[in-house]
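Survey of secondary and tertiary structure
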Amino acid sequence: MSEQESLRCSSARNRGGVQRVEGKLRASVEKGDYYEAHQMYRTLFFRYMSQAKHAEARELMHNGALLFFSYNQQNSAADLSMLVLEVLEKSETKVEDEILESLAKLFSRMDQNSPERVAFVSRALKWSTGGPGKLGHPKLHQLLAVTLWKEQNYSESRYHFLHSTDGEGCAQMLVEYSTSRGFRSEVDMFVAQAVLQFLCLKNKNGASVVFSTYTEKHPSIEKGPPFVQPLLNFIWFLLLAVDGGKLTVFTVLCEQYQPSLKRDPMYNEYLDRIGQVFFGVPPKQSPSYGGLLGR
């Protein structure tokens, strides 16, 4: 038997073992023996980890968490969800779409107001980063953003869209946010903030996509450019200026549209940062980008 065939047989045996164990645990949960089942899951987790059976441990904890969620056993489910992350961290598992989707699925089942959910997201993003100083994998941010959008948690959804590469999804969410929660007089402000924040995060493509999609799909915005709203015209010109890279154009643009930019005190702070990133403007003495991430 070749080494590859041997590994396949070993994997099949392990999978069969996991399935048998899962059958017994499922029977305990269905009988309502939640505490005993939870403790057994934990025992098996540590046993598998000590044997370096990382894939089996992760699969068992993931399926167990979903099982507990289906019986509304939120605490047990959240605990097993955290153990899924522990496997990923300790086994140094590489980031793959399938794993990110499984984490997003666990997130979607968690109680929206639970502190465990906040802890889970923070830890999942940290694992997905793959390097220090980053804010999480864009794909995971996108999956989290979509879940939060479905829950109508628009502000948190926007935060995660900003750190994804899904400008189109972000725009569609913002259209819904604006039409359901915003005033008609603010339709331009919803997209202006998002575009400026995307540019601050050096995501020029995301900024362009969110602007074009939002202005095209929003029912209260007439076809442009040019637009009826001066702020939308400013954003349109700004995106062209960023492409051109000419500081004089950027400076004149910011001066000409000051009346519109004064509508939100954060706009000029964002523009200071955009000036540094795209036009080589030196930073001010004490920059303050408190709202940069949109939380």
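Everything quoted here is computed from the prediction, not taken from an experiment.

Some words on unusual backbone geometry
In this model, Gly224 is joined to Pro225 through a cis peptide bond whose omega is 0°. If you trace the backbone, Pro225 turns up in the loop between helix H11 (204-217) and helix H12 (230-244). Cis geometry is adopted by the peptide bond preceding Pro226, which originates at Pro225 and carries an omega value of -5°. Tracing the backbone through its elements, the reader meets Pro226 in the loop between H11 and H12. Backbone geometry places Asn72, a non-glycine residue, at a positive phi of 55°. Of note, Asn72 is situated in the loop between helix H3 (54-70) and helix H4 (74-90). Positive phi, close to 50°, is recorded for Glu92, a residue that is not glycine. With respect to the helices and strands, Glu92 occurs in the loop between H4 and helix H5 (97-109). By relative accessible area, Glu92 is classed as exposed at 68%.

Considerations on the pattern of salt bridges
A complete count under the given rule lists six salt bridges for this structure. Residue Arg42 pairs with Asp79 through a salt bridge whose shortest N-O separation is 2.7 Å. In this pair, Arg42 sits in helix H2 (residues 34-50) while Asp79 sits in helix H4, placing the two residues 37 residues apart along the sequence. Judged by its relative accessible area of 23%, Asp79 falls in the partly exposed class. The salt bridge involving Lys90 is made with Glu86; its shortest N-O contact spans 3.0 Å. One end of the pair, Lys90, and the other, Glu86, are both in helix H4, four residues apart, so they sit about a helical turn from each other.

Reading the values: the criteria
- Residues numbered from 1 in each chain as written.
- Predicted model: local features only at pLDDT ≥ 70, side-chain atom pairs only at ≥ 80, totals over all residues.
- Heavy atoms only, no water.
- Helix = DSSP H or I, 4+ residues; strand = E, 2+ residues; numbered from the N terminus.
- Buried < 20%, exposed > 50% of the residue type's maximum accessible area, 1.4 Å probe, protein only.
- Salt bridge = Lys/Arg side-chain N within 4 Å of Asp/Glu carboxyl O.

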